[in-house]
Every structure is written in structure tokens, then in C-alpha cells.
Amino acid sequence: MENVAVILSYTGLVLMVLLTGIGSSVGTVMGGNATVGAMKKKDDAFGSYMLLSALPGTQGLYGFGGFFIINSKGIINASMSMTQALAILAAGLILGIVGLISAIRQGQVCANGINAIGNGHDVFGNTMILAVFPELYAIIAFATTFIISQSL
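For clarity, every value in this text was computed on a predicted model and none was experimentally measured.

Side note on the overall build of the chain
When you go through the chain residue by residue, the secondary structure sums to five helices and zero strands. Oriented by its inertia axes, the alpha-carbon framework of the chain measures out at about 60 × 20 × 20 Å. Scored against the burial criterion, the 152 residues of the chain give a buried share of 41%. Sequence separation of at least 24 residues holds for 87% of the intrachain contacts in the chain that already meet a minimum separation of 6.

Shown next as C-alpha cells:
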């Protein structure tokens, strides 16, 4: 039974890093692809394109941060309780799924903003504001992971 708890805990940690990483890679690729297209039309706005392309990468950092704060507690071992293991698994699912979806959706918002800037519209600030909304939910999921880690 001790091994089941350890396996569930590590499954939670893997999910939070894996899913947020996948979401961030997909989101940043969306921004990168949009940047390549926009550079053909307006190459002097590369700084704006780069910032918007990089923004979906933060969810991957939140996933790693969640992994780090839980793993550094040093509680994942054969003597841990099933309740602790399920809490870590839940934290992994929460942060992983929210990070995955929010990074992809944020990438879509940023890609649309990059396309608009490439077409000559001055929408960098508005795009940043709109891109923060999906980020907010990733931050809430990270905060939830932090709170769960404090109860372990």
C-alpha cells in the first residue's frame, strides 16, 4: 500500500510538469508561427511579437514551480499517507489541466494579436491585457498547488 501512495504522488508531479509543458510548447509555437507570418508584413515590431510569443511559456514555469515546492518538502516516501498522496495527485491534475488549457488559449490570443500588429494595427497593449485573463487561471491553479503543499 505504501508503494501505491508513492506512485500516486509521483504521478501528480509528472502531470503538473508534463501537461503545463505541453500547453506552453503549443502556445509558444502558435505565437512563433504568427510572428513568422507577421514579420513578412511588418518586421519592425519584432520586440512586440517576441513578448507575445513568449507569454504562454509561463504556464510551464508554474508547473515546474509546483513540482519544486511539493518535491522539496521531502514527504514522498514509503511512510506517507494515502491522503497526502491523493492531495499531491489532485494538485498535479489541477495545475496540469489548467496550465495546459490556459497556455493553449493564451497562445491563440497572442497569435491573433501578433497577426493584427503585423497588419498595421496598434493592439499590443490590448493584446497583453486580453492575454492576462487565461494567465490568471494558471496563477490561481499554482496558488492552489501552493496551498495544498502547505497542508501536506
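A look at a nonpolar patch on the surface
Together, Val14, Leu18, Ile22 and Val26 make up a nonpolar patch on the protein surface, roughly 300 Å² of accessible area in all. Along the chain, the position of isoleucine 22 falls in helix H1 (residues 2–41).

Some thoughts on the packing of helix H2 (residues 46–54) against helix H5 (residues 124–150)
With their axes 11 Å apart at the nearest point, H2 and H5 run at an angle of 5° to one another. When the interaxial angle is binned, H2 and H5 end up roughly parallel. Between H2 and H5, the contacting residues are Ser48, Leu51 and Leu52 on the first element and Phe124, Thr127 and Met128 on the second.

With respect to the nonpolar core
Counting 17 residues, the largest nonpolar core has Leu13, Met16, Ile70, Ile76, Met80 and Ile88 as the members making the most contacts within it. Elements represented by at least two residues in this core include exactly H1, helix H3 (58–71), helix H4 (82–118) and H5. Excluding residues that lie within four positions of it along the chain, methionine 80 makes contacts with Ala5, Val6, Ser9, Ile75, Ala85 and Ile88. In this structure, Ala34, Ala111, Ile114 and Ile117 belong to the second largest nonpolar core, which totals 11 residues.

A look at H5
Across its 27 residues, H5 extends 38 Å between first and last C-alpha, which sits within 8% of the 39 Å expected from 1.5 Å per residue. The largest bend along H5 reaches roughly 30° and is located at phenylalanine 133, with the proline proline 134 sitting one to four residues downstream.

Re the packing of H3 against H5
Put simply, H3 and H5 touch, their axes get as near as 10 Å, and they point 5° apart. Compared by their axis directions, H3 and H5 come out roughly parallel. Contact residues: H3 offers Thr58, Gln59, Tyr62, Gly65, Gly66, Ile69 and Ile70, while H5 offers Pro134, Glu135, Ala138, Ile139, Phe142, Thr145, Phe146 and Ser149. For the contact of H3 with H5, a count of residues per class yields eight nonpolar, six polar and one charged.

Digging into the packing of aromatic side chains
Tallied over the full model, the rule gives two aromatic pairs. Where phenylalanine 64 meets phenylalanine 67, the ring centres are 6.0 Å apart and the plane angle is 35°; that geometry is what we call tilted. Here phenylalanine 67 and phenylalanine 64 lie together in helix H3, a separation of three residues that amounts to about one turn.

Overview of the side chain of threonine 35
Its location among the elements puts threonine 35 in helix H1. Accessibility expressed as a relative area gives 8% for threonine 35, which makes it buried. A distance of 2.9 Å separates polar atoms of two side chains, one belonging to threonine 35 and the other to serine 53. Among all residues touching threonine 35, those that are not within four sequence positions of it are Phe46, Tyr49, Ser53 and Ile114.

Rules used throughout
Residues numbered from 1 in each chain as written. Predicted model: local features only at pLDDT ≥ 70, side-chain atom pairs only at ≥ 80, totals over all residues. Heavy atoms only, no water. Helix = DSSP H or I, 4+ residues; strand = E, 2+ residues; numbered from the N terminus. Buried < 20%, exposed > 50% of the residue type's maximum accessible area, 1.4 Å probe, protein only. Contact = heavy atoms within 4.5 Å. Patch = residues over 30% accessible without salt bridge, like charges linked within 9 Å, V, L, I, M, F, W, Y side chains within 5 Å. Areas by Shrake-Rupley, 256 points an atom, 1.4 Å probe, with all protein chains shown as cover. Salt bridge = Lys/Arg side-chain N within 4 Å of Asp/Glu carboxyl O. Axes fitted to C-alpha atoms, helices over the stretch in contact; angles between N-to-C directions. Parallel < 35°, antiparallel > 145°, perpendicular 65-115°, else oblique. Core = buried A, V, L, I, M, F, W, Y, C linked by side-chain atoms within 4.5 Å. Expected span 1.5 Å × (residues − 1). Bend = angle between axes of the 7 residues up to and from the residue. Nonpolar A, V, L, I, M, F, W, Y, C, P; charged D, E, K, R; others polar. Phe/Tyr/Trp six-rings, centres within 6.5 Å; stacked < 30°, edge-to-face > 60°. Polar contact = N/O pair within 3.5 Å; in protein donor to acceptor, adjacent residues only side chain to side chain.

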